[in-house]
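An overview of the molecular structure
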There are 2 protein chains.
Amino acid sequence: MVQIPEPAKERLLHLMRILEQAGEGPLTSGEIESRTGWASHTIRKDISYLEGDFGSSSGYNIPSLTRAITESLGLNRSRKFCVVGLGRLGSAYLNFSAYQLGEFELVAGFDSSVNRVEILKSPVPLYPAYKMPEVIGRFGIELALLCVPEASAQQAAEKLAAAGIKGIVNFAPVVLDISQDIVVRNVYVADELRSLAVKITPEGNEA
Amino acid sequence: MVQIPEPAKERLLHLMRILEQAGEGPLTSGEIESRTGWASHTIRKDISYLEGDFGSSSGYNIPSLTRAITESLGLNRSRKFCVVGLGRLGSAYLNFSAYQLGEFELVAGFDSSVNRVEILKSPVPLYPAYKMPEVIGRFGIELALLCVPEASAQQAAEKLAAAGIKGIVNFAPVVLDISQDIVVRNVYVADELRSLAVKITPEGNEA
């Protein structure tokens, strides 16, 4: 299979979300450019990495393009993940529904407090943090939601890295300094609020 | 001040994050294109909406460009927000530090359970949900984190809309059907995991 460059993968994933909201289509590369600002030649190049024919003259066929992106990006198989840090945020994610988790399977939770691991009710097994290497290896866990407090985030990320995790969603407001082989995605509530703030009507414009 | 189109605002916000991670710079529009896939003419056009001179021949001056984006997007003033739904996820956000909230000020929490509102410890005042219109109006709350269960999300969003909220970060895995005047940003954990999944090393490539 063709190796798709990283920035193209990011755009294809974003494109998949646009397609999900686009209705019945077809959608032209010009329409995609006007929604995203990506150059049409970039869009056509990204789509050329996918196998199949999506009818690019009158626009792309939405269902076949979506399917091709899903397959090429490896999103058509289930992946296992764990939650690390079982305070309020972490225990909220423990209790998310299968619908909220999509194709991802939650298989374990970890916390440095043995007491918390023992008393917390959970739909999946919980383990003390020192068992991360064993449990992550045994279940083949690839991804982790890192929900520990800010002061513990770097150390916890290093333990996850040593245990063989491949990707981390980091909810602590720190930039993690770990191996570049591990993919990190930061979810900062301030960034989400900022995205809203730039779009709401400026106060001066209101009557 | 010039009215900046919505897609340009989104790109400028994203560009601001790139600038924050870019080091000392300067950064050329070509370098920005290679990181984002945005056409150079789109990038130059977006930056042309900003007031000031950023030295576009040998590259943009990072500190002045960052400052201009912050001011043009209205991110240089504090905005008030509330948390709606005080289960695990909502109460986690109640307890986020000022550092985690950036320029945003948490001023209230709401829950439909009067009992929960009375017993929950919180650094900000909590109110029963029926008080949303009054409290949101009184404090001038512009933004909300919507942390209610999936089944209540649509109704809670409608109440927020009626109370005059301008933007919602939605954590429930539903597409909200509310007035287009209200900006919605969906945070779905499955989407975050998907962003990691497409970037981790395919298993077949490992020795």
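For clarity, every value in this text was computed on a predicted model and none was experimentally measured.

1. Examining the environment of Val117(B)
Residues and elements named next belong to chain B. Mapped onto the secondary structure, Val117 falls in helix α7 (residues 114-119). With relative accessibility at 10%, the residue Val117 sits in the buried group. Sequence-wise, Val117 and Tyr127 are ten residues apart; in three dimensions their C-alpha atoms are separated by 6.1 Å. Discounting chain neighbours no more than four positions away, the residues touching Val117 are Asp111, Leu126, Tyr127 and Pro128.

2. A few points about the relation of the copies chain B and chain A
If you rotate chain B by 180° and push it 0.0 Å along the axis, it lands on chain A with an RMSD of 0.0 Å. Here the copies are linked by what is in effect a two-fold axis. Taken as a fraction of all interface residues of chain B, those also at the interface in chain A reach 100%, which identifies the copy contact as same-surface.

3. A look at the pairing of strand β2 (residues 104-111) of chain B
Residues and elements named next belong to chain B. In terms of residue burial, β2 counts as a mostly covered element, since seven of its eight residues are buried. Relative to β2, strand β1 (residues 79-84) runs parallel, the two sharing six bridges. Residue pairing across strands places Arg79 opposite Phe104, the latter belonging to β2. Across three bridges, the pairing between β2 and strand β3 (residues 126-128) is parallel. Among the inter-strand pairings, Gly109 is bridged to a residue of β3, identified as Leu126.

4. Here we look at the interface of chain B and chain A
Contact residues are listed per partner, giving 66 residues for chain B and 66 residues for chain A. Of the roughly 6,000 Å² buried between chain B and chain A on both sides combined, carbon and sulfur atoms contribute 62%. Together, Leu196(B), Val198(B) and Lys199(B) form the three largest contributors to the area buried by chain B at its contact with chain A, with a combined 11%. The partner of Arg17(B) in a salt bridge is Asp191(A), and the shortest N-O contact between them spans 3.6 Å. Inspection of the region where chain B meets chain A yields ten residue pairs in polar contact (both at pLDDT 80 or more). Here the side of chain B that touches chain A gets nine residues from one element, more than from any other, and that element is helix α10 (residues 189-197) of chain B. When grouped by side-chain class, the residues that make up the side of chain B that touches chain A number 31 nonpolar, 15 polar and 20 charged.

5. Re the nonpolar core
Core analysis: the largest hydrophobic core is formed by 100 residues, its most contacted members being Tyr93(A), Leu145(A), Tyr93(B) and Leu145(B). Once residues within four sequence positions are removed from consideration, Tyr93(B) is found in contact with Leu89(A), Tyr93(A), Val189(A), Val83(B), Leu106(B), Leu145(B), Cys147(B) and Phe171(B).

6. So, the UniProt feature "domain: CoA-binding" (unreviewed entry) in chain A
The sites that UniProt annotates as "domain: CoA-binding" (unreviewed entry) are residues 74-175 of chain A. Helix makes up 37% of residues 74-175 of chain A and strand 25%. Its end C-alpha atoms lie 27 Å apart.

The rules behind these values
- Residues numbered from 1 in each chain as written.
- Chains lettered and ligands numbered in written order.
- Predicted model: local features only at pLDDT ≥ 70, side-chain atom pairs only at ≥ 80, totals over all residues.
- Heavy atoms only, no water.
- Helix = DSSP H or I, 4+ residues; strand = E, 2+ residues; numbered from the N terminus.
- Buried < 20%, exposed > 50% of the residue type's maximum accessible area, 1.4 Å probe, protein only.
- Contact = heavy atoms within 4.5 Å.
- Least-squares fit on C-alpha atoms with pLDDT ≥ 70 in both.
- Pairing = 2+ DSSP bridges.
- Buried area = accessible area lost by both parts, 1.4 Å probe.
- Salt bridge = Lys/Arg side-chain N within 4 Å of Asp/Glu carboxyl O.
- Polar contact = N/O pair within 3.5 Å; in protein donor to acceptor, adjacent residues only side chain to side chain.
- Nonpolar A, V, L, I, M, F, W, Y, C, P; charged D, E, K, R; others polar.
- Core = buried A, V, L, I, M, F, W, Y, C linked by side-chain atoms within 4.5 Å.
- UniProt positions renumbered as here; feature names shortened; annotations may be inferred.

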